[in-house]
Amino acid sequence: VIIHERDSLSKKSQDFSSRISDLEFERNSVISHTQDLEAEVKSSRQSVAGLESEKAELCKKLDQNSSTMSELRSENEELKTSLKEGKESARLLNNEKCNLLSRLENANKDIEASHAEISKLSSKSEETKEELRVIIHERDFLSGMSQGFGSQKMASQIQVMEAEVNSLRQSV
C-alpha cells in the first residue's frame, strides 16, 4: 500500500511538475506577450506624441493661413476699389480725349476756313494792286496832260484819283 501510495504520489508529483512546467511556459508566454504589448504601447505613445506635434504645427499653419487669407481679402478689396477708381479715371480721360479731339477737329476746320479766307484776301490783294497800278498809271498820264494843258478840271480829277490811290493803299 505504501509503495502504491508512493507511486501515486510520485505520479501526482510528475503531473504537478508537468503542470508547473506548462504554467511556467504559459507565464513566460504571457510575459513575452505583455512585453510586446508594452513595446506597442510605447510605440503608440511616441506616434501619438508625433501626431500631437504635427497637429500643433498644422494648427499653427492654419492660423497663419487664416491671417494670410484675411490679408489677401483686404488686399483684394483694396484692388477692387483701385480698379473701380481706375475705370472711372479711364472713363473721364476718354471723355476728355473725345472733347479734345472734337475741339481739334473744330480748330482744323477753322484753320481750313482761315486758309481759304487768306487765299481770297490774297487774290483780292493782287487784284487791288493791279487796280492801283492802273490808277497810278492813269494819274501819271493825266498829271502829264494837265501840266501840258493846265486844265483845272484835270487837276481836280487827279486829286480824286490820288484820294482813290491812297484809299487803295490803305486797304492793301
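Heads up: the structure comes first, above all this text.
We now turn to the structure provided with this report. (Residues numbered from 1 in each chain as written. Predicted model: local features only at pLDDT ≥ 70, side-chain atom pairs only at ≥ 80, totals over all residues. Heavy atoms only, no water.)

Attention now goes to the environment of E162. Tracing the chain through its elements places E162 in helix α2 (residues 152–171). When the C-alpha positions of E162 and I136 are compared, they lie 8.0 Å apart, and in sequence the two are 26 residues distant. (Helix = DSSP H or I, 4+ residues; strand = E, 2+ residues; numbered from the N terminus.)

A word on the nonpolar core. Counting residues in hydrophobic clusters, the biggest one holds 7 residues: L132, I135, I136, L142, M161, V165 and L168. Looking at this core, the elements with two or more residues in it are α1 (2–149) and α2. Counting residues per element, this core draws most heavily on α1, at 4 residues. In this view, L168 contacts T128, E131, L132 and I135; residues no more than four positions away in its chain are not counted. (Core = buried A, V, L, I, M, F, W, Y, C linked by side-chain atoms within 4.5 Å. Buried < 20%, exposed > 50% of the residue type's maximum accessible area, 1.4 Å probe, protein only. Contact = heavy atoms within 4.5 Å.)

Summed over the entire model, instances satisfying the criterion amount to 5 salt bridges. In this structure, K109 and E105 form a salt bridge, with 3.7 Å as the shortest nitrogen-oxygen distance. Residue K109 and its partner E105 are located together in helix α1, separated by 4 residues, close to a single helical turn. Take K109: its relative accessible area is 47%, and that puts it in the partly exposed class. (Salt bridge = Lys/Arg side-chain N within 4 Å of Asp/Glu carboxyl O.)

This part covers the environment of E54. With respect to the helices, strands and loops of the structure, E54 is situated in helix α1. Sequence separation between E54 and N28 is 26 residues, and the spatial gap between their C-alpha atoms is 38 Å.

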